[in-house]
Amino acid sequence: MGARKTAVISSARGWVQANALAASLVVMICGVGATLMVNEQLRTQADRQAQREFNLLAESLTRDIAARMNTYKQVLFAAAGFIENHPEINAQDWRRFHDRLRLSHYYPGIQALGFAVPLPPDQRASHTRIMRDSGFPDYRLHPDGDRELYTSIILIEPFEGSNLVAFGYDMYSNPVRRRAMDRAVEMNTAVLSNVVTLVQEQTESVAHPGLLLYLPTYRPDMPLASVSQRWEALQGFAYSAFRIKDLMAGIQQSDTPLLDYRIYDGLSTDDSRLVFQSNSADDRNDHPVLRRQLVLPLMGQNWTLDFQSTSAFHRNQHGVGTQAVLGVGLPVSLLLSLITYLISTSRERATRIAEQMTEELRQTEQALRLNEERYKLALDSSSMGTWIWDFETRKFSGDPQLPPLFGYPQDYDLQGGLRMFLEMVHPEDRDRVRRELDAAANGGQEYDTEFRVIWPNGTQRHIASRARVLQLAGQATPIMTGTCWDVTEKRNSQLMKREFVSTVSHELRTPLTAISGSLGLLLGGAVGAMPEKANQLLRIANENTKRLLRLINDLLDFEKLDAGKLEFSHEICDARMLANSAIELNQGLGSRYDVSLALDWPVQGRALIKVDPMRFQQIMANLLSNAAKYSPPEGVITLSGQQQDQHIVFSVRDHGKGIPDEFRDRVFERFSQADSSDTRRAGGTGLGLAICRELTLAMGGTIDFETGPDGTTFHVAFPMDEDPYCF
């Protein structure tokens with residue numbers, strides 16, 4: 001049996017040696033196939049995560065709109081209550097009530113808050129006379145015409161600007177407004193109108209769509225059981241007017257939204273029903289990557305919200321980058337193919353090396369697939385629950401989405417005092433959460449925290465929560481309202497991502513180290529003299545192997561930085577000596593890129609900074625190497641130092657073509673490289689500047705750059721320190 005196995009192995013080796021080109025092609029196809037498979041799986045995972053985040057953003061904005069309109073409804077209830085309790089209300093009383101509400105500060109988007117009274121036709125003349133005698137000599141009920149019932153806006157604030165046009169306006173003369181007013185009486189609640197053009201807009205060159213919210217008020221001590229009784233007892237209509245553009249401006253949270261959305265009045269998405277769009281029609285993408293429509297029932301009306309993803313949304317998506325997989329996998333596949341060809345034509349020792357590297361590659365691919373499967377198990381986005389803490393009653397209550405976050409069914413009665421809520425928090429986090437809630441309630445800080453909870457079945461989850469304190473009109477004490485959502489899966493996903501990158505980096509470094517050693521032996525003549533063409537290919541392979549090792553080392557540094565495990569040994573160092581060492585350690589760049597390194601140090605006296613010398617030299621090596629790569633032949637790279645506001649600034653200047661405009665915002669991002677002929681010539685991992693930034697920030701410094709057609713200068717600044725031996 002052993003002899004047969006030996007014969008099979010010898011036969012396979014003989015075939016490989018006889019068919020070196022075919023063997024190398026097989027290795028390359030297998031490596032490229034595995035790389036593309038992993039890349040496709042990662043891309044699918046990223047698409048699913050983007051869909052979940054897109055849905056969460058769309059639902060969050062829809063809830064924000066509903067919450068804002070419900071808040072405005074409460075303002076209208078307060079206005080109606082004020083009117084019913086002041087039967088002889090006048091313009092001065094209404095102005096004081098309006099000023100106390102501070103609508104422009106707490107309720108942005110409300111253009112006008114007013115009150116309209118119903119008038120039978122036979123009371124028009126007397127009503128006009130009373131209004132003129134009460135201090136409004138120019139008062140006029142408009143528009144003209146004979147109608148069965150009139151209404152007149154007799155109170156409106158702010159009583160200035162375009163709102164003056166609405167004074168005395170008969171809203172019942174307009175079919176859209178009349179329909180909303182009738183429904184408000186029929187339903188005996190606040191009703192939102194369909195989209196109209198506000199009277200205030202009639203003087204504007206471009207009229208914006210508007211809305212009106214009506215709430216009927218009644219005379220006291222009169223029955224309200226039926227519709228006819230409510231019309232008989234009707235005192236008037238408290239109402240608020242909105243421009244939809246101003247309303248949405250108060251809700252949107254970013255100048256560059258991640259969502260592009262449109263709002264339609266009703267269930268149809270015809271252009272004729274469009275009332276608001278976040279971007280202009282010219283900027284809207286006709287073929288968005290993600291899209292969703294939601295229907296929002298809103299006080300008697302239905303709004304259809306059409307959401308689309310934007311380029312900003314997709315730029316903000318984070319995940320394990322496919323660029324890293326392709327950037328590592330494809331070169332490794334090509335390199336292994338070349339090595340297979342070379343060593344399969346050499347002696348038996350070279351064949352054994354190839355077999356060993358093939359086995360290591362198989363193990364690496366298995367590790368890649370295993371880690372990718374782990375990463376695919378990232379959990380779906382958690383639903384969000386809302387809660388209210390009433391400072392006056394000391395009661396804590398939540399919506400049906402809140403109990404599942406704490407391990408209870410949706411119908412669980414999650415109401416009680418703050419103590420009940422804190423008992424569901426992990427004992428080790430309970431005191432901290434209580435302090436943060438008290439600090440937010442007293443105005444000391446914003447409430448934005450994470451804590452652990454233990455479900456009744458013993459499961460531990462991580463919950464994130466944000467809240468703010470609100471002072472409601474007509475209520476002496478404020479309330480705190482907030483949201484909770486489960487971030488357990490997000491935490492697990494981040495941990496798995498770090499493990500994935502670390503495993504990939506470590507598993508790739510082992511075969512690459514063997515490859516590098518093998519190439520060195522071949523170049524050193526360990527297997528005899530090689531043809532010149534073979535030596536040239538070996539040199540190329542050796543350079544690419546070193547480049548891949550640098551990339552893997554950079555990935556490991558990032559993994560340690562993200563995990564907070566990168567060690568720093570801070571020392572108080574002389575800044576000039578550090579700069580001198582950087583020039584000496586990187587002199588080899590001169591012969592490699594045909595450039596010169598020079599030091600310019602005008603700082604007088606001894607300047608001390610507290611840094612890790614090894615990490616500082618790592619920063620300088622990256623900056624000087626980049627400068628050498630992009631400088632013209634026989635150019636001069638200058639490292640200079642300056643003292644600015646108790647900081648020492650190290651500046652590395654080259655005389656290249658400068659950084660392209662479209663790339664400047666991404667200079668310090670991971671795997672970012674300017675797509676130019678110079679970059680292609682110089683090569684690089686795309687991680688050097690990102691590592692420089694992280695190391696600089698970790699040592700308490702700052703980094704930035706200036707660029708132009710005459711070259712680029714990177715500035716690294718560290719605060720000056722005192723000599724501990726000076727007394």
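Fair warning: this is a prediction, and the values are worked out from it, not measured in the lab.

### Some remarks on the overall build of the protein
Thinking step 1. Per the secondary structure count, the protein includes 20 helices and 23 strands.
Thinking step 2. Sequence-distant contacts in the protein: of pairs separated by 6 or more residues, those separated by 24 or more amount to 65%.
Thinking step 3. In the form shown here, the protein has an accessible surface area of approximately 37,900 Å², with 50% of it arising from carbon and sulfur atoms.

### Regarding the sheet that holds strand E22 (residues 702-708)
Thinking step 1. The strand order E18-E20-E21-E23-E22 describes an open sheet built from 5 strands, whose pairing is mixed. What marks the edges here is a single partner per strand, and that holds for strand E18 (596-600) and E22. For this sheet the average axis-to-axis angle between neighbouring strands, irrespective of direction, equals 20 degrees.
Thinking step 2. Pairing of strand E21 (residues 647-653) with strand E23 (residues 711-719), which is carried by 7 bridges, proceeds in the antiparallel orientation. Bridge pairing links His647 to Pro719 in E23.
Thinking step 3. This element, helix H16 (residues 575-585), spans E18, strand E20 (636-644) and E21 of the sheet and lies at about 170 degrees to E18.
Thinking step 4. Most of the contacts of helix H18 (residues 613-629) go to E21, to which it runs at about 30 degrees, and overall it touches E20, E21 and E23.

### Concerning the sheet that holds strand E8 (residues 274-277)
Thinking step 1. Judged by pairing direction, the sheet is antiparallel, and its 4 strands sit side by side in the order E8-E7-E10-E9 without closing on themselves. Sheet topology places E8 and strand E9 (291-298) at the edges, where each strand pairs with a single neighbour. Ignoring strand direction, the axes of neighbouring strands in this sheet form an average angle of 20 degrees.
Thinking step 2. Pairing of strand E7 (residues 259-265) with strand E10 (residues 301-309), which is carried by 7 bridges, proceeds in the antiparallel orientation. Across the sheet, residue Tyr261 finds its bridge partner in E10, namely Phe307.

### A few points about the environment of Thr712
Thinking step 1. Assignment of secondary structure puts Thr712 in strand E23.
Thinking step 2. In this structure the C-alpha to C-alpha distance between Thr712 and Tyr630, which are 82 residues apart in sequence, comes to 9.4 Å.
Thinking step 3. In this structure Thr712 touches Val652, Arg653, Asp654, Gly658, Ile659, Glu706 and Thr707, once residues within four positions along its chain are discounted.
Thinking step 4. One polar contact links Thr712 to Thr707, side chain to side chain, over a distance of 2.9 Å.

### So, the pattern of salt bridges
Thinking step 1. With the rule as written, the count across this model stands at 17 salt bridges.
Thinking step 2. As a salt-bridge pair, Arg96 and Asp93 come within 2.4 Å of each other at their nearest N and O atoms. Highlighted residues: Arg96 and Asp93, both in helix H3 (residues 91-101), separated by 3 residues, approximately one helical turn.
Thinking step 3. The shortest N-O distance in the salt bridge between Arg432 and Asp429 comes to 3.9 Å. One end of the pair, Arg432, and the other, Asp429, are both in helix H13 (residues 427-441), 3 residues apart, so they sit about a helical turn from each other.
Thinking step 4. Among the residues examined, Asp429 registers a relative accessible area of 8% and is labelled buried.
Thinking step 5. Connected via shared salt-bridge partners are Glu428, Asp429, Arg432, Glu436 and Arg452.

### Some details on the nonpolar core
Thinking step 1. If you look at the biggest cluster of nonpolar residues, it comprises 82 residues, and the most contacted ones within it are Ile65, Trp94, Tyr214, Ile263, Trp303 and Phe307.
Thinking step 2. Here the element with the most residues in this core is helix H2 (residues 20-84); it accounts for 14 residues.
Thinking step 3. The residues touching Phe307, leaving out its near neighbours within four places in the chain, are Phe54, Ala58, Leu61, Thr62, Leu259, Asp260, Tyr261, Leu290, Arg291, Arg292 and Leu294.

### So, the packing of H16 against H18
Thinking step 1. Running from amino to carboxyl end, H16 crosses H18 at an angle of 55 degrees, the nearest separation of the two axes being 10 Å. Taken together, H16 and H18 sit at an angle that is classed as oblique. Pair H16 / H18 crosses with right-handed handedness. For the pair formed by H16 and H18, the contact residues are Leu578, Ser581, Ala582 and Leu585 on the first element and Pro613, Phe616, Gln617, Met620 and Leu624 on the second.
Thinking step 2. When the residues that make up the contact of H16 with H18 are grouped by side-chain class, the tally is 7 nonpolar, 2 polar and no charged.

### Focus: the pairing of E23
Where a strand is regular, its side chains alternate between the two sheet faces.
Thinking step 1. With respect to burial, E23 is a largely interior element, 8 of its 9 residues being buried.
Thinking step 2. Inspection of the sheet shows E22 paired to E23 by 7 bridges, in the antiparallel sense. Considered in E23, the bridge of Gly708 is made with Gly711.
Thinking step 3. From the end of E22 to the start of E23, which pair antiparallel, there are 2 residues.

### Some thoughts on unusual backbone geometry
Thinking step 1. A cis amide bond links His142 with the next residue in sequence, Pro143, at an omega value of 5 degrees.
Thinking step 2. Among the secondary structure elements, Pro143 is positioned in the loop between helix H5 (124-133) and strand E2 (150-157).
Thinking step 3. Positioned with a positive phi, Asn188 is a non-glycine residue whose angle comes to about 55 degrees.
Thinking step 4. The residue Asn188 is located in the loop between helix H6 (175-187) and strand E3 (191-192) in this model.

The rules behind these values
Residues numbered from 1 in each chain as written. Predicted model: local features only at pLDDT ≥ 70, side-chain atom pairs only at ≥ 80, totals over all residues. Heavy atoms only, no water. Helix = DSSP H or I, 4+ residues; strand = E, 2+ residues; numbered from the N terminus. Contact = heavy atoms within 4.5 Å. Areas by Shrake-Rupley, 256 points an atom, 1.4 Å probe, with all protein chains shown as cover. Pairing = 2+ DSSP bridges. Axes fitted to C-alpha atoms, helices over the stretch in contact; angles between N-to-C directions. Polar contact = N/O pair within 3.5 Å; in protein donor to acceptor, adjacent residues only side chain to side chain. Salt bridge = Lys/Arg side-chain N within 4 Å of Asp/Glu carboxyl O. Buried < 20%, exposed > 50% of the residue type's maximum accessible area, 1.4 Å probe, protein only. Core = buried A, V, L, I, M, F, W, Y, C linked by side-chain atoms within 4.5 Å. Parallel < 35°, antiparallel > 145°, perpendicular 65-115°, else oblique. Left-handed = near helix turned anticlockwise from the far one by under 90°. Nonpolar A, V, L, I, M, F, W, Y, C, P; charged D, E, K, R; others polar.

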